[in-house]
Amino acid sequence: MSDSAPSRSVEVERKYDVDADTPLPDWTTVDGVISASSGEQRELDAQYLDTVEFSLATSGHALRRRTGGPDAGWHLKGPRTGDGRVELGWPLGEEGVIPDAVADAIAPVPASALRPIARIENSRTAVTLIGSGGVLAEFVDDHVRATDLRDGSRREWREWELELGPAAPADEAGRQAFFAAAEKAIFATGARDASSGSKLARALGR
């Protein structure tokens, strides 16, 4: 992947609020899930940027530079449509320098107007859910430590995410049926629908 050609993916996921002691779901109860991995540990550290006026957020975008995990780099998330959101990605590059390709992608917002607005550190356990055709979804258990860089305030919480994988149903009805089956197991633990749309929003008290 060159610096100017971003990776492109469509995240189809749902988020859930959980307590510190909420037990993990029992995936053996979910139709279509043959096995679940033991969980991969990832330490993630992301800095989010926007303008003073929150120009990116106003248009439904979020820009971050994140280290750790298999997709370390720059990420630009687009507006959410239903459960889906387009994400573009670029290599990490030099710390403190916004790559030209990233600057081009956020135009007409000038890169020079961006400032760090939040730091989000995340101790993640990622579990792969396998079906007959391959990876149905990735479930992550996140222990989040966030700092609002505008005033230094800190927040900590735990949340879950369930993101569809390449072997998930391709049709909308099939995807909804899979989410319904998975959420039966998720909600059985005491998990709840997420109270905030994103980690960034929660970090900023929104």
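On a predicted model such as this, the values are computed, not experimentally measured, just so you know. (Residues numbered from 1 in each chain as written. Predicted model: local features only at pLDDT ≥ 70, side-chain atom pairs only at ≥ 80, totals over all residues. Heavy atoms only, no water.)

**Focus on the overall build of the protein**
Then step 1. Each helix and strand counted, the protein has 4 helices and 10 strands in total.
Then step 2. For the protein, the succession of helices and strands along the chain, N to C, is β-β-β-α-β-β-β-α-β-β-β-α-β-α.
Then step 3. Taken over C-alpha atoms, the radius of gyration comes to 17 Å for the protein, in line with the 17 Å a tight globule of 206 residues would show.
Then step 4. The principal-axis extent of the C-alpha atoms belonging to the protein is close to 50 × 35 × 30 Å.
Then step 5. In the protein, which comprises 206 residues, the share counted as buried stands at 43%.
Then step 6. The contacts of the protein with a sequence gap of at least 6 include a subset with a gap of at least 24, amounting to 66%.
Then step 7. When the accessible surface of the protein is totalled, it reaches about 10100 Å², and 51% of it is carbon and sulfur. (Helix = DSSP H or I, 4+ residues; strand = E, 2+ residues; numbered from the N terminus. Rg over C-alpha atoms; globule rule 2.2 N^0.38 Å. Buried < 20%, exposed > 50% of the residue type's maximum accessible area, 1.4 Å probe, protein only. Contact = heavy atoms within 4.5 Å. Areas by Shrake-Rupley, 256 points an atom, 1.4 Å probe, with all protein chains shown as cover.)

**Looking at the layout of surface pockets**
Then step 1. Each pocket or cavity is described by its volume, and for the second largest pocket that value is around 260 Å³.
Then step 2. For the second largest pocket, the lining is made up of 13 residues, of which A46, Q47, R65, E95 and G96 are closest to its centre.
Then step 3. Taken together, the elements giving at least two residues each to the lining of the second largest pocket come down to β3 (40–50), β4 (62–67) and β7 (115–131).
Then step 4. No other element matches β3, which puts 4 residues into the lining of the second largest pocket.
Then step 5. Of the residues that constitute the lining of the second largest pocket, the class distribution is 6 nonpolar, 3 polar and 4 charged. (1 Å grid on protein atoms, 1.4 Å probe; cavity = no way out; pocket = protein on both sides within 12 Å on 5 of 7 lines; lining within 4 Å. Points joined across faces, edges and corners; volume = space filled by probe spheres on them. Nonpolar A, V, L, I, M, F, W, Y, C, P; charged D, E, K, R; others polar.)

**A closer look at empty space enclosed by the protein**
Then step 1. Enumeration according to the criterion identifies 2 cavities of 30 Å³ or more in this entry.
Then step 2. Of the pockets and cavities examined, the largest cavity occupies roughly 50 Å³.
Then step 3. The wall of the largest cavity is formed by K15, Y16, D17, W157, E159, A194, S195, S196, S198, K199 and R202.
Then step 4. If you tally residues by element for the lining of the largest cavity, the top one is strand β1 (residues 7–18), at 3 residues.
Then step 5. Tallied by class, the residues present in the lining of the largest cavity amount to 3 nonpolar, 3 polar and 5 charged.

**Digging into the packing of aromatic side chains**
Then step 1. Summed over all chains, the structure comprises 3 aromatic pairs.
Then step 2. Centre to centre, the rings of Y16 and F187 are 5.8 Å apart; their planes meet at 80°, and the pair counts as edge-to-face. Of this pair, Y16 sits in strand β1 while F187 sits in helix α3 (residues 172–188); the two residues are 171 residues apart in sequence, bridging distant segments of the chain.
Then step 3. The partly exposed category is assigned to F187, whose relative accessible area is 33%. (Phe/Tyr/Trp six-rings, centres within 6.5 Å; stacked < 30°, edge-to-face > 60°.)

**Concerning the environment of D31**
Then step 1. Of note, D31 is situated in the loop between β1 and β2 (35–36).
Then step 2. Considering only alpha carbons, one finds D31 and G131, 100 residues apart in sequence, at a separation of 9.2 Å.

**Describing the side chain of T22**
Then step 1. As for its placement among the helices and strands, T22 is situated in the loop between β1 and β2.
Then step 2. One polar contact links the side chain of T22 to the main-chain amide nitrogen of D19, over a distance of 2.9 Å.
Then step 3. The residues contacting T22, other than those within four sequence positions of it, are R158, W160 and T189. (Polar contact = N/O pair within 3.5 Å; in protein donor to acceptor, adjacent residues only side chain to side chain.)

**Examining the pattern of salt bridges**
Then step 1. Enumeration over the complete set of coordinates arrives at 22 salt bridges.
Then step 2. Between E159 and K199 there is a salt bridge, and its shortest N-O distance comes to 2.6 Å. On the criterion of sequence distance, the pair formed by E159 in strand β9 (residues 154–164) and K199 in helix α4 (residues 199–203) is long-range, its members being 40 residues apart. Across the pair, K199 and E159 agree in class, each one buried.
Then step 3. E161 serves as the salt-bridge partner of K199, at 2.7 Å between the closest nitrogen and oxygen. Of this pair, K199 sits in helix α4 while E161 sits in strand β9; the two residues are 38 residues apart in sequence, bridging distant segments of the chain. The exposure classification of K199 matches that of E161, with both residues buried.
Then step 4. One network of salt bridges, in which partners are shared, links K15, R124, D142, E159, E161 and K199. (Salt bridge = Lys/Arg side-chain N within 4 Å of Asp/Glu carboxyl O.)

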